[in-house]
There are 2 protein chains.
Amino acid sequence: MISQKAKYALRALLALARAPHDSAVSIAQIADEQSIPKKFLEQILLELKHHGLVESRRGKAGGYSLFRPADTISFGEVLRIIDGPIAPLPCLSRMAYRRCADCGDEASCEVRRVFSRVAEETRDVLDRTSIASALGRTLADIAPDRYGIQAR
Amino acid sequence: MISQKAKYALRALLALARAPHDSAVSIAQIADEQSIPKKFLEQILLELKHHGLVESRRGKAGGYSLFRPADTISFGEVLRIIDGPIAPLPCLSRMAYRRCADCGDEASCEVRRVFSRVAEETRDVLDRTSIASALGRTLADIAPDRYGIQAR
DNA sequence: CAAATCTATACTCACCTTATAGAGTAAGTA
DNA sequence: TACTTACTCTATAAGGTGAGTATAGATTTG
């Protein structure tokens, strides 16, 4: 299960992607539209900003907007920022590998072998699907590499 | 991430599947071999027993053994027993569907659409892989339906 | 300056995970 | 029968995580 927070993050990014280009959308507006607790959403957007996915303008008429084109932001990237590793086992994570303390030999671990297939399929979907392609208005699914979507 | 408990459960079942047919293996032996805390493993095996995956004999020379053939026990079934739903979103679970409170319309939810593909791929692997096939000694991967592995 | 808005950190609170403890029950065995 | 081994069940607890709230502050623009 992905966290509620990650779901909010994705919904917020989708909302920003739908907004007219270069127009800032206020936290309040997104929170209201998407039924996300406002203060919680503030934290989430701040985190996405720290990771360079969105930018913000302060003051009256301020708000958030995407910092990168919507077809260069993959679901996988967002999930890794908010929820951490996607892999089903620590010993299968690329961003935060950790050996399983109780596993004698990784190469012969049956559990690992099975879940590595799960991990592969999951990354396949999440790293190839961008915010734009989820909205169904891009070519990123067809040639994602060209758009700089993070490689698996 | 799957839970430590689920990993223990799978490892215990794999150990039972490796044991000579119809011979009971004691909790202590499995715990020792697999480096699983004994009292914790007791709980896990008991739970698997209640769900009809293993059987037990008490007394001296007692222990656990598989109740069903190893190629009829899928990874998915074990995970659902120990960790609950496999789906990445409550609104995608077949065993425990729950509408997302904050989602207006499921049919048009982009997040749901993307993760339904993840769920499908994941189930594909987990429900088609059995304890036996993980050990690499069965035909269940080739014709799983014939062996009664739970359909997706 | 005032209002709207973002920035940052700290805090709560319930629930889940990962066990551990201990008393009880059953089956074989000397 | 008494003893030993092993499974059965319930309770409990420490620690972590998830999902927010609260509070205070900093910027920008009108």
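Residues numbered from 1 in each chain as written. Chains lettered and ligands numbered in written order. Predicted model: local features only at pLDDT ≥ 70, side-chain atom pairs only at ≥ 80, totals over all residues. Heavy atoms only, no water.

### Notes on the overall build of chain A
Here is the rule: Under the DSSP-based scheme used, a helix requires at least four consecutive residues in state H or I and a strand at least two consecutive residues in state E, with every element numbered from the N terminus. The rule is simple: take the accessible area with a 1.4 Å probe, protein chains only, and divide by the maximum for that residue type; under 20% is buried, over 50% is exposed, in between is partly exposed. A contact between two residues is defined here by any heavy atoms of the two lying within 4.5 Å. Surface exposure here means Shrake-Rupley accessible area, sampled with a 1.4 Å probe, where a residue is shielded only by the protein chains that are shown.
Across its full length, chain A carries six helices and two strands. Counting from the amino terminus, helix and strand elements in chain A follow one another as α-α-α-β-β-α-α-α. Counting over 152 residues, chain A shows a buried share of 51%. Sequence separation of 24 or more characterises 58% of the internal contacts of chain A that already satisfy a separation of 6 or more. Taken as a whole, chain A presents about 7600 Å² of accessible surface, with 49% of it coming from carbon and sulfur.

### With respect to the protein's contact with DNA strand C
The criterion, for reference: Being near a molecule or strand, for a residue, comes down to having at least one heavy atom within 4 Å of it. In the analysis that follows, any N or O atom pair within 3.5 Å is treated as a polar contact, provided that within protein one partner can donate a hydrogen and the other can accept it, and provided that, for residues neighboring in sequence, both atoms belong to side chains. When residues are grouped by polarity, Ala, Val, Leu, Ile, Met, Phe, Trp, Tyr, Cys and Pro land in nonpolar, Asp, Glu, Lys and Arg in charged, and all others, Gly among them, in polar.
In the vicinity of DNA strand C, 26 residues are found, and the nearest of them are Lys49 and Tyr64 of chain A together with Lys39, Gln43 and Arg58 of chain B. The protein-proximal atoms of DNA strand C, defined as those within 4 Å of the protein, are 63% sugar or phosphate. In this structure, a phosphate oxygen belonging to DNA strand C sits 3.3 Å away from a main-chain N or O atom of Gln4 of chain B. Measuring from a base oxygen of DNA strand C, one finds a side-chain N or O atom of Gln43 of chain B at 2.4 Å. Residue contributions to the surface near DNA strand C peak at six residues, all from helix H3 (residues 38-50) of chain A. When its residues are assigned to classes, the surface near DNA strand C shows six nonpolar, 10 polar and 10 charged.

### Here we look at the domain arrangement of chain A
Residues and elements named next belong to chain A. Counted only if it meets this: Where each domain begins and ends follows an automated or database-derived domain assignment. In this description, buried area is defined as the sum, over both parts, of the accessible area (probe of 1.4 Å) that is lost when the two are combined. Counted as salt bridges are all cases of a side-chain nitrogen of Lys or Arg within 4 Å of a carboxyl oxygen of Asp or Glu.
By domain assignment, chain A separates into domain 1 (4-66) and domain 2 (85-145). For domain 1 versus domain 2, the distance between C-alpha centres works out to 27 Å. Summing both partners gives a buried area of about 400 Å² for domain 1 against domain 2, and 82% of it is carried by carbon and sulfur. Together, Leu14, Ala17 and Arg18 form the three largest contributors to the area buried by domain 1 at its contact with domain 2, with a combined 77%. The tally of links between domain 1 and domain 2 comes to zero salt bridges. If you look at where domain 1 meets domain 2, you find zero residue pairs in polar contact (both at pLDDT 80 or more). Broken down by class, the residue content of the side of domain 1 that touches domain 2 amounts to four nonpolar, no polar and one charged.

### Topic: the protein's contact with DNA strand D
In the vicinity of DNA strand D lie 26 residues, with Lys39 and Gln43 of chain A together with Lys49, Ser56 and Tyr64 of chain B positioned nearest. A share of 62% of the atoms of DNA strand D within 4 Å of the protein falls on sugar and phosphate groups. Within the side chain of Lys39 of chain A, one N or O atom sits 2.8 Å away from a base oxygen of DNA strand D. Arg58 of chain A places a polar side-chain atom, nitrogen or oxygen, 3.2 Å from a sugar or linking oxygen of DNA strand D. Elements with a contribution of two residues or more to the surface near DNA strand D: helix H1 (4-18) and H3 of chain A together with helix H3 (38-50), strand S1 (54-57) and strand S2 (63-66) of chain B. Of all the elements, H3 of chain B adds the most residues to the surface near DNA strand D, at six residues. Per-class residue counts for the surface near DNA strand D are six nonpolar, 10 polar and 10 charged.

### Brief notes about the layout of surface pockets
The criterion, for reference: Residues are called lining when one of their atoms sits within 4 Å of a cavity or pocket point, these points coming from a 1 Å grid over the protein atoms alone, where a cavity is a set in which a 1.4 Å probe fits but cannot get out and a pocket is an open set with protein on both sides within 12 Å along at least five of seven lines. Grid points are joined across faces, edges and corners, and a volume is the space filled by probe spheres set on the points.
Its boundaries defined by the atoms lining it, the largest pocket holds a volume of some 620 Å³. Those elements that place two or more of their residues in the lining of the largest pocket are helix H4 (75-83) and helix H5 (110-128) of chain A together with helix H4 (75-83) and helix H5 (110-128) of chain B. Partitioning the lining of the largest pocket into residue classes produces 21 nonpolar, four polar and two charged.

### A few points about the interface of chain B and chain A
Tallying the contact residues gives 34 residues for chain B and 34 residues for chain A. For the pair chain B and chain A, the summed buried surface comes to about 3000 Å²; carbon and sulfur atoms form 67% of the total. Taken together, the connections running from chain B to chain A amount to four salt bridges. For Arg18 of chain A, the salt bridge identified is with Glu110 of chain B, shortest N-O distance 3.2 Å. Our count for the chain B to chain A interface comes out at eight residue pairs in polar contact (both at pLDDT 80 or more). Residue contributions to the side of chain B that touches chain A peak at 11 residues, all from H5 of chain B. Along the lines of polarity and charge, the residues of the side of chain B that touches chain A split into 21 nonpolar, five polar and eight charged.

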